[in-house]
Amino acid sequence: MDIDTAQSNTNRSVTKNLINSLDLDRRFLIVTYTDNNRSHIRRSIINKFGYVPKNITLLSYFQFLIRFCYRPFLKDIYRAKGIIWKMPEDWTRYKKGFYHYMTSHRYLYHNRIAKLCMQQCKDMIIARMEKYYDCFMFDEVQDLGGHDFNLIQSIIPNHIDCLFVGDFYQHTFDTSKEIDKLYKYVHVDEIHITDPKVFIKELIKPLTTDIDTFKKALNNMIKLNGQYIHMNALLK
């Protein structure tokens, strides 16, 4: 598992690390938070190979959330007509079942789709990822917050390579902010984690039960290298 974190003026160079990791032999799933960065990565892939190889799947975060996580497992169960981008009313947080996640007209609340997938099908998402891909890459990881963070944290696969790239000084989006005191971690509240060490610690916490070994690895593996921090194979 590799994690690259950059300062804002080196974000492109760290994304270049992602592009340099690509080859024609392994099957790659690349997810990036925004459509703009998806276009940038696509151009970079074409610059490297001359085309977009069939072994590379490139999705924006919401494409990944809907196409890869929701539709294969929950589409026929929830039968949603679409997505509503307006924030849900506060009282809906206390609804149970379908109508915690969608309106009475069956439109999914955009900021609860990740929560739905995490609670209903995370193991199936992991199995699907490990079946069809050899490497999972996530760019713009600094924009993960709330239920999005929880979902990605919960579906990090154990049996394929992972690379997370982020610029923690350039946080832009949060699609699933929602105050929920039932959740343990601060990233679910209106507080966004901007400290790379804290963010990374939370992200990979489920991968280890030996907290002392984890802390030692975390402290030893973070190295300032010019203008960005490179964390290599924390938990090989």
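Preceding block: the structure.
Caption draft 1: Structural context of the pairing of strand β3 (residues 56-60). Most of β3 sits inside the fold, with 4 of its 5 residues counted as buried. For strand β2 (residues 28-32) and β3, the ladder comprises 5 bridges, and the chain directions are parallel. Of the residues in β3, the one forming a bridge with I30 is L58. A crossover links β2 with its parallel partner β3, the connecting element being helix α2 (residues 35-49), and its sense is right-handed.

Caption draft 2: Inspection of the environment of N55 at higher detail. Among the secondary structure elements, N55 is positioned in the loop between α2 and β3. Look at N55 and you get buried, because its relative accessible area is 15%. Other than its neighbours up to four places away in sequence, N55 contacts D23, L24, D25, R26, R27 and F28. A polar atom in the side chain of N55 sits 2.5 Å from the backbone oxygen of R26.

Caption draft 3: Highlighting the nonpolar core. If you look at the biggest cluster of nonpolar residues, it comprises 39 residues, and the most contacted ones within it are Y61, F64, C117 and F138. Ranked by residues supplied to this core, first place goes to helix α3 (residues 61-78) with 10 residues. If near-sequence neighbours (up to four positions away) are discounted, Y61 is found in contact with V31, T32, Y33, A114, F138, L144, D148, L151 and I152. Counting residues in each nonpolar core, the second largest holds 14 residues, with L18, I41, M137 and V165 among its members.

Caption draft 4: Geometry of the pattern of salt bridges. Overall, the coordinates contain 4 salt bridges when judged by the stated rule. One salt bridge connects R27 with D134, and the closest N-O pair in it is separated by 3.1 Å. One end of the pair, R27, is in the loop between α1 (11-20) and β2; the other, D134, is in the loop between α5 (113-132) and β6 (135-139), with 107 residues separating them in the sequence. Several salt bridges converge on common partners, so that one network encompasses D23, R26 and D161.

Thresholds, definitions, all that
- Position labels on residues start from 1 in each chain and follow its written sequence.
- Owing to the predicted nature of the model, reporting of local features is limited to residues with pLDDT of at least 70; listing and counting of side-chain atom pairs is limited to 80 or more, with chain, interface and lining totals taken over all residues.
- Water and hydrogen atoms were dropped before computing side-chain values, which therefore reflect all heavy atoms in the structure.
- Here's how the labels work: a residue is buried when its accessible area is under 20% of the maximum for its type, exposed when over 50%, partly exposed in between, all with a 1.4 Å probe on protein chains only.
- Secondary structure elements follow DSSP: runs of H or I no shorter than four residues count as helices, runs of E no shorter than two count as strands, and numbering proceeds from the N terminus.
- One requirement defines pairing of two strands: DSSP has to find at least two bridges between them.
- By definition, the crossover connecting two strands over a helix is right-handed if that path, from the first strand to the second, turns clockwise as seen with the strands pointing away from the viewer.
- Contacts are assigned to residue pairs that have any heavy atoms within 4.5 Å of one another.
- Throughout this description, a polar contact denotes any pair of N or O atoms lying within 3.5 Å of each other; where both atoms belong to protein, one of them has to be capable of donating a hydrogen while the other can accept it, and for residues adjacent in sequence the pair is counted only when both atoms sit in side chains.
- Note on terminology: a nonpolar core comprises buried Ala, Val, Leu, Ile, Met, Phe, Trp, Tyr and Cys residues joined through side-chain atoms within 4.5 Å.
- Salt bridge criterion: a side-chain nitrogen from Lys or Arg within 4 Å of a carboxyl oxygen from Asp or Glu.

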